[in-house]
Amino acid sequence: MAEQRHSPLKDDRLNDPNEHIEVVFDGSITLWRSATNLDVVLVYFEKLRCMELLVFHPVRVLEAPRIYIDFATLEKHLPREEMQKQVEGRKELFLRRHCTYVASEIEKEVEMTTISNYVVSRIAVADGDDFIIELQAHFGDTMESDVSADGMSKHHLDFVIGKPEGLIPINTEHYAKP
């Protein structure tokens, strides 16, 4: 579903350990229904406990409006039992290879991989001429409703939030597909 590619991220804060900003996913995805390839970046802001989803269409040379995710709410949706099995499997692999490991690092890696798979699997291009991305609900996802400025009811996943106060969006430098 996803392949790694050259990163468009050009933000010095990513290299500063005091910022506590982590790239959770940086790759390309293919939406098979629309036969569209998209570049996707998911960034975690630890201090604000939120994530920023950036999606770029390399053929149309457009970046979709960014989506912000409340990390605490998203964590409630994760399959904890499955994640624990993955953690135990990785620990066992290290032990079989007679390697040392740090349990907390394995747990964090499994959690971030699960989160990126969870979010990326829900990306869809909204209908219309504008390049807008939505996170579509899967079976069992919790939805919330808001009333937009035009009085229409708008539904979204419960972990999708507005841009948090104090968040400075990640700088990017996108290029057209060669």
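Our structure's up above, just so we're on the same page.
These remarks concern the structure in this document. Owing to the predicted nature of the structure, the values given are computational and were not obtained by experimental measurement. (Residues numbered from 1 in each chain as written. Predicted model: local features only at pLDDT ≥ 70, side-chain atom pairs only at ≥ 80, totals over all residues. Heavy atoms only, no water.)

A look at the pattern of salt bridges
- Here the structure, examined in full by the defined rule, presents eight salt bridges.
- Here arginine 80 and glutamate 111 are joined by a salt bridge, their closest N and O atoms 3.5 Å apart. With a gap of 31 residues between them, arginine 80 in helix 2 (residues 80–96) and glutamate 111 in helix 3 (residues 103–120) connect regions that are remote in the sequence.
- With a relative accessible area of 43%, arginine 80 lands in the partly exposed category.
- On the accessibility criterion, glutamate 111 (14% relative accessible area) is buried.
- Across the pair glutamate 109 and arginine 90 runs a salt bridge whose closest N-O atoms are separated by 2.7 Å. (Salt bridge = Lys/Arg side-chain N within 4 Å of Asp/Glu carboxyl O. Helix = DSSP H or I, 4+ residues; strand = E, 2+ residues; numbered from the N terminus. Buried < 20%, exposed > 50% of the residue type's maximum accessible area, 1.4 Å probe, protein only.)

Focus on the packing of helix 2 against helix 3
- Where helix 2 meets helix 3, the axes come as close as 10 Å, and the angle between the chain directions of the two elements is 135 degrees. Judged by the angle between their axes, helix 2 and helix 3 are oblique. Helix 3 is crossed by helix 2, and the crossing has right-handed handedness. Each of Arg80, Met83, Gln86, Val87, Arg90, Lys91 and Phe94 in helix 2 lies in contact with helix 3, whose residues at this interface are Ala103, Ile106, Glu107, Glu109, Val110, Glu111 and Thr114.
- Its residues assigned to classes, the contact of helix 2 with helix 3 comprises six nonpolar, two polar and six charged. (Axes fitted to C-alpha atoms, helices over the stretch in contact; angles between N-to-C directions. Parallel < 35°, antiparallel > 145°, perpendicular 65-115°, else oblique. Left-handed = near helix turned anticlockwise from the far one by under 90°. Contact = heavy atoms within 4.5 Å. Nonpolar A, V, L, I, M, F, W, Y, C, P; charged D, E, K, R; others polar.)

Quick look at the packing of aromatic side chains
- Using the criterion set out here, one finds two aromatic pairs in the structure.
- For the pair tyrosine 44 and phenylalanine 71, a centre-to-centre distance of 4.4 Å together with 35 degrees between the ring planes defines the contact as tilted. Of this pair, tyrosine 44 sits in strand 3 (residues 36–45) while phenylalanine 71 sits in helix 1 (residues 71–75), placing them 27 residues apart in sequence. Side by side, tyrosine 44 and phenylalanine 71 carry an identical accessibility label, which is buried.
- If you follow arginine 122 out to its NZ or CZ, it ends over the ring of tyrosine 118, 3.6 Å from the centre. (Phe/Tyr/Trp six-rings, centres within 6.5 Å; stacked < 30°, edge-to-face > 60°. Lys NZ or Arg CZ within 6 Å of the ring centre and 35° of its normal.)

Some details on the environment of serine 116
- Counting through the fold element by element, serine 116 comes out in helix 3.
- Counting along the chain gives 90 residues from serine 116 to aspartate 26, while the straight-line C-alpha distance between them is 9.4 Å.
- The residues touching serine 116, leaving out its near neighbours within four places in the chain, are Val24, Phe25 and Leu42.

Remarks on unusual backbone geometry
- A positive phi angle, near 55 degrees, is found at arginine 49, a position not held by glycine.
- Tracing the backbone through its elements, the reader meets arginine 49 in the loop between strand 3 and strand 4 (50–57).
- Backbone geometry places valine 61, a non-glycine residue, at a positive phi of 55 degrees.
- Tracing the sequence through the fold places valine 61 in the loop between strand 4 and strand 5 (62–63).
- Relative accessible area serves as the criterion here: at 43%, valine 61 is assigned to the partly exposed category.

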